[in-house]
Amino acid sequence: MNHTAAIQSPDFARVVRARNAVATVFALNGFAYASWMARIPEVRDLLGLTPGEIGRLLLAMAAGSILALPTSGVVVGRIGAARTVAGGSLLVALGLTLAGLGSDTLASAAVAAVGLVFIGYGSGSWDVAMNVEGAAVERLLGRTIMPRFHAAFSLGTVAGAGLGAGATAVGIPVVAHLSVISVSVAVVTVAAARSFLPRTAEVDDDGEPVPGISVLTAWREPRTLLIGLMVLCAALIEGIANDWLALGLVDGYEVSNAVGAVGFAVFLAAMTAGRTVGTQLVDRFGRLPVLRISAVLATVGVLLVVFGGSLAVALIGTVVWGLGAALGFPLGMSAASDDPRRAAARVSVVASIGYTAFLAGPPILGWLGDHEGVLNALLVVAGAAVVAGLVSSAAREQQPARVEAAAQD
């Protein structure tokens, strides 16, 4: 594709509107997700759950996400990314409402679990569709912008966690908080999706359809599988913090639920900052050095959180952990997309491997939390970071960088 020509196209304004819409739905996806996560300590108290039981409850949301993976590609192909995102947001809204009712009004873990399945399935479908749309926008703009979309997701999680911490601090009931969030997220997401690009087939420079490879072929590629393993580790590094950091701080340092939520928000803010500057770091130093440094930062950060001895040191570790968690997932997706003719199949494989972290993480951490305490269980992150660093060479760039002039804002 001629990237400069794409930027100068008369349809550029439409592509920019789509870019802004994609950034919006990324942010809203993160906002909805973190709104639930920030209330986990209070939900634990309301339902009287042990760490192991919390792990099993969170498994319901992971199961919903895993169920979405094999169907989302088909759904996007049939109805388009815009309708898939809109439908996913409605499922998330329903799930948030049910999770709030089950946690608070009905005091039923079963009802909360059903809500989490809806959140997981809706969010997973929404996630795949917005990434498909983001890739199309990126291609038409002719420059790398995917990390910025992931930064928008992180900004949404910061806002969701911050609002959740505030709601906890002032005593707003879980059901009231999540019900308001559900309606707001659904309305804005459906409106934003209306600005997505029209459904068109992917074409090469000559206007012909781009040939690809099958998913089965991609499953037999060693590089693709190693990138998938790296993304799996990156998902654990990020996902464990999302699910367990607030509880780890509450139990390990004997602070309030509101302080635990603040610690979670600090992690998300650090991760957002890392994603915001990530493109410049990769352009300057290359993908592989950034991935290796990220693995080191994640390891150091979680060690400070677990062994810091004081809340202040733990919060410093939370910042370092957040910076280390920032780029592994988006850079893994970029590595899988290095060859646009094979990107769809490879991204599907990498995502399938990576998302198993959300299925395996909650029960593993719950079991360890029951036996070793939630704070000590966070050390799983250090192991995941070491593995990510060891296999990161598979993500080395396979294509020359894009034309510099086309990459300017």
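The written sequence of each chain sets the order in which its residues are numbered from 1. Where totals are concerned, whole chains, interfaces and linings use all residues; where local detail is concerned, this predicted model gives features only for residues with pLDDT of at least 70, and gives and counts side-chain atom pairs only at 80 or more. With hydrogens and water excluded, all non-hydrogen atoms of the structure serve as input to the side-chain values.

Peer 1: Please set out the side chain of Thr 157 residue by residue, giving values where relevant.
Peer 2: Looking at the secondary structure, you find Thr 157 in helix α7 (residues 146–170). Classification of residues uses two cut-offs on accessible area relative to the type maximum, computed with a 1.4 Å probe and protein chains only: under 20% is buried, over 50% is exposed, and between them is partly exposed. Residue classification places Thr 157 among the buried positions, given a relative accessible area of 2%. Whether two residues touch is decided by their heavy atoms; if any such pair falls within 4.5 Å, the residues are in contact. Beyond its immediate stretch of four places on either side in the chain, Thr 157 contacts Gly 30, Phe 31, Ala 34 and Leu 268. Labels follow the DSSP assignment, with helices taken as runs of H or I lasting at least four residues and strands as runs of E lasting at least two, numbered in each case from the N terminus.

Peer 1: Any chance you could break down α7 for me, citing the residues and the numbers?
Peer 2: Here α7 is 25 residues long and its end C-alpha atoms lie 37 Å apart, about the 36 Å a rise of 1.5 Å per residue gives. Downstream of α7 by a residue or two, Gly 171 has a phi angle that is positive, lying close to 80 degrees. Expected helix span is taken as 1.5 Å per residue step, with the number of steps being one fewer than the number of residues.

Peer 1: Please give an account of the packing of α7 against helix α11 (residues 257–285) that cites residues and values.
Peer 2: Contact geometry for α7 and α11: axes closest at 8 Å, N-to-C directions at 165 degrees. In this view, α7 runs roughly antiparallel relative to α11, as classed from their interaxial angle. Seen from above, α7 lies across α11 with left-handed handedness. Following the grouping adopted for this structure description, the nonpolar residues are Ala, Val, Leu, Ile, Met, Phe, Trp, Tyr, Cys and Pro, the charged ones are Asp, Glu, Lys and Arg, and the polar ones are all others, Gly among them. Here the contact of α7 with α11 is built from residues that sort into 16 nonpolar, 9 polar and 1 charged. The axes used here are C-alpha line fits, helices contributing only the stretch in contact, and every angle between their N-to-C directions lies in the interval 0 to 180 degrees. These descriptions rest on fixed angle ranges, namely under 35 degrees for roughly parallel, over 145 for roughly antiparallel, 65 to 115 for roughly perpendicular, and the rest for oblique. Take the far helix as the reference: if the near one is turned anticlockwise from it by less than a right angle, the crossing is left-handed, and if turned clockwise, right-handed.

Peer 1: Kindly report on unusual backbone geometry, identifying the contributing residues and their values.
Peer 2: You will see that Ala 107, though not glycine, has its phi angle at about 50 degrees, which is positive. Tracing the chain through its elements places Ala 107 in the loop between α5 (81–105) and α6 (109–141). Of note in the backbone geometry, Glu 254 takes a positive phi value of approximately 55 degrees without being a glycine. Relative to the helices and strands, Glu 254 resides in the loop between α10 (222–253) and α11.

Peer 1: Talk me through the nonpolar core; I want residue IDs and the actual numbers.
Peer 2: In this description, a nonpolar core means a group of buried Ala, Val, Leu, Ile, Met, Phe, Trp, Tyr and Cys residues linked to one another through side-chain atoms lying within 4.5 Å. Counting 112 residues, the largest nonpolar core has Trp 36, Val 137, Trp 244, Trp 321 and Leu 378 as the members making the most contacts within it. Here the element with the most residues in this core is α10; it accounts for 17 residues. The contact partners of Leu 378, leaving out residues within four places of it in the chain, are Ile 240, Trp 244, Leu 245, Val 302, Val 305, Val 306, Trp 321 and Leu 365.

Peer 1: So, the packing of aromatic side chains: which residues are in play, and what are the values?
Peer 2: The rule is short: rings of Phe, Tyr and Trp, with Trp giving its six-membered ring, pair when the centres are within 6.5 Å, and they are stacked under 30 degrees, edge-to-face over 60, tilted in between. One pass over the full model with this rule turns up 2 aromatic pairs. Between Phe 26 and Phe 149 the ring centres are 5.5 Å apart and the planes differ by 20 degrees, which places this aromatic pair in the stacked class. Remark: Phe 149 occurs in helix α7 and Phe 26 occurs in helix α2 (residues 12–37); sequence separation between them is 123 residues. Of the two residues examined, Phe 26 and Phe 149, each falls in the buried class. Their ring planes at 70 degrees and their centres at 5.6 Å tell us that Phe 267 and Trp 321 sit as a pair that is edge-to-face.

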